[in-house]
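# Observations on chain architecture
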Amino acid sequence: MQANKPKGYLKGWLVGALFVLTPSHAFALDASLSAPGVSDDLVKQLEETSSVMTADSRGLDTPLEVLSAALSDYRTIVQILYDAGYFSPSVSIKLDGQEAANLSSLSVPSQINQATISINAGPTFTFGTAIVQPLAPETELPEGFATGKLATTGAIQQATSAGVQAWKDAGHAKAELRDQKIIARHSQARLDAQIDLAPGPRLKFGKMYIEGDSEVRHSSIEKIAGFPTGEVYSPEKLQKVGTRLRRTGTFSTVSIQERDTPNPDGTLDFDATFEDLPKRRLTFGIELASRDGLDVTATWTHRNVFKRAQRLRFEAAIRNIGGAEDIDGRLGLRLDQPDRLGPDDSTFWSALLERRNTDNYNVSVASATYGARRTFSDQLYAEAAAGFSFSNADDAYGDGRKFRYFIIPFRSEWDQRDSKVSATKGYYLDSHLMPFVGISGTDTGLRLFFDGRTYASFGTGGKLVLAGRVQLGSVIGPPADGVTPDFLFFSGGAGTVRGQPYESLGIPVGTGIAGGKSFIGLSGEIRGKVSEKISLVGFYDYGIVDTSSFIGSGAEYHAGAGLGVRYDLGGFGPLRLDLAVPVQGPTGNGLQFYIGIGQAF
């Protein structure tokens, strides 16, 4: 009689059998790479690119996967060495002592424990012959593609691209590489490279054929695009066409592809494909200040309102929720019409209803304008408009004052920042000029305002940023009591001087305070990253207001300073918390705090 085996014994036997029979059992791979004579940076690049060296992180844990990785590494490593100027390397990849290239994928070892990569890079090569022909006039080849320079495949590729691009810039849309002869002279460690180009004929723009399911009228697309039919082909002009169409904010996809074959008359046609963005978009914004309470803003955008790529934008704001002043707000509307003028010009309608309640004045404003906008580039635009503005105000000069204006506002904006929400370098210039003509006894004059900002990171890659801001304002013409208070200037609050109450600095008038006819605001910040997401900020703000159109010796001034913390929210910008105190001036009111999204400026 056979004795019964214990249950534990049977379980262990089954587990062991599964362990042996399962072909996908994972083994820890011991991998090493040696490349004597090459730089540490190149060794690091080889290690990070090698599939064998990164097998664990890639999840390659079966013998077949390791063998496949080793076979692909021969080509990968040689290409990296070519890119670095080594054109006579030898590469050995051994798996448990056997050369990987000699192993068959049909009889893979049941286990691979060790991978050894040995590289003999050989000498670096220099260019002997370095020729690109024929060349378009004024072609600039890379400096690295020349006799005596370190020979790399990258330099050859850059020279080829530069030669082809120069022909395209000269109107030869079908320029391409015809042939290349690369000869490695190992005894001399020299590489001869001859690149032959085929410029093809000089072509002109033909027609743009519109495809896709866009709801925008084809006639509007054509007017916005300004496709340069009949002009000599130019990649820059083609890029402008795409930029103009994307700038409308209507399309999620704009693809303009040249056709393979030119027309017999020497023109080249293009196929344009479009996909529309969702028609409607809703956004919200919140900012909290200790004294001023909560400000809530919302915008609703409707794209392609009348199937002409127009953009209708409603803006609503409620301010001073829970603050020291009465609740107020605004309603705004703007309709942009990109197909009414030329390709880089558009027209717009705008309207505004606003109520502002402050410690110093209360004003109700209604305005409507019609204008035109010229876009010079993605960074620079200017616009001009004409319209009417009506306001009723209670301020230090009296109650129930009425102002009626015909206004002609001009604006230009030049934005060279690397980011609109959290800049680390560049500058931003915003200029306003508005003549206003009084109606029904209201005074006539001119209002000026300028906002300039600059940023520098001093080569730290954004880890340390110095940011500065200058604001200038002036009203020229009427006396201060002859201007609506929303044209005058106050200082204090998140947009001017943090640490001071909102619009707390003005000009004393009797027992009240009125706005000044001139204003200077100066702000400086030092922003330093303490981690990938968190930054600390130190800041100082200074504001000056005067009764005359230009700052004089009797001006009123105040200042504030503080510390802040930022938490990066990605494309939305940082979540901002600033704590500030007054440091100069008579309007101090203790510690102030400000919470919002995006940098202060």
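Structure report, in brief. (Residues numbered from 1 in each chain as written. Predicted model: local features only at pLDDT ≥ 70, side-chain atom pairs only at ≥ 80, totals over all residues. Heavy atoms only, no water.)

Regular strands place side chains that alternate from one sheet face to the opposite one. Across six bridges, the pairing between strand 2 (residues 90–95) and strand 4 (residues 114–120) is antiparallel. Bridge assignment links S90 to a residue of strand 4, and that residue is N120. Here strand 2 pairs with strand 3 (residues 98–99) via two bridges, running antiparallel. Bridge pairing in strand 3 places L95 opposite Q98. Counted between consecutive antiparallel strands, the loop separating strand 2 from strand 3 contains two residues, among which D96 sits at a positive phi close to 55 degrees. (Pairing = 2+ DSSP bridges. Helix = DSSP H or I, 4+ residues; strand = E, 2+ residues; numbered from the N terminus.)

Judged by pairing direction, the sheet is mixed, and its four strands sit side by side in the order 1-4-2-3 without closing on themselves. Each edge of the open sheet is held by one strand with a lone partner, namely strand 1 (30–34) and strand 3. Here strand 1 pairs with strand 4 via five bridges, running parallel. Bridge assignment links S32 to a residue of strand 4, and that residue is T116. Sheet strands in contact with helix 4 (residues 63–83) are strand 2, strand 3 and strand 4, and its direction is about 165 degrees off that of strand 2. (Contact = heavy atoms within 4.5 Å. Axes fitted to C-alpha atoms, helices over the stretch in contact; angles between N-to-C directions.)

Pairing of strand 17 (residues 380–395) with strand 18 (residues 398–407), which is carried by eight bridges, proceeds in the antiparallel orientation. Within strand 18, the position partnered with S389 by the bridge is Y405. In this structure, the hairpin formed by strand 17 and strand 18 is closed by a connection of two residues.

As a further point, take the pattern of salt bridges. Scanning the model with the defined rule gives 35 salt bridges in all. Put simply, E287 and R576 hold a salt bridge, and the shortest N to O gap is 3.3 Å. With E287 in strand 11 (residues 280–289) and R576 in strand 28 (residues 574–584), the pair connects residues that are 289 residues apart, well separated along the chain. Judged by relative accessible area, which is 6%, R576 ranks as buried. Beyond isolated ion pairs, a larger network of salt bridges with shared partners links E287, R498, E525, R527, D541, R566, R576 and D578. (Salt bridge = Lys/Arg side-chain N within 4 Å of Asp/Glu carboxyl O. Buried < 20%, exposed > 50% of the residue type's maximum accessible area, 1.4 Å probe, protein only.)

This is a description of form; function is not addressed.
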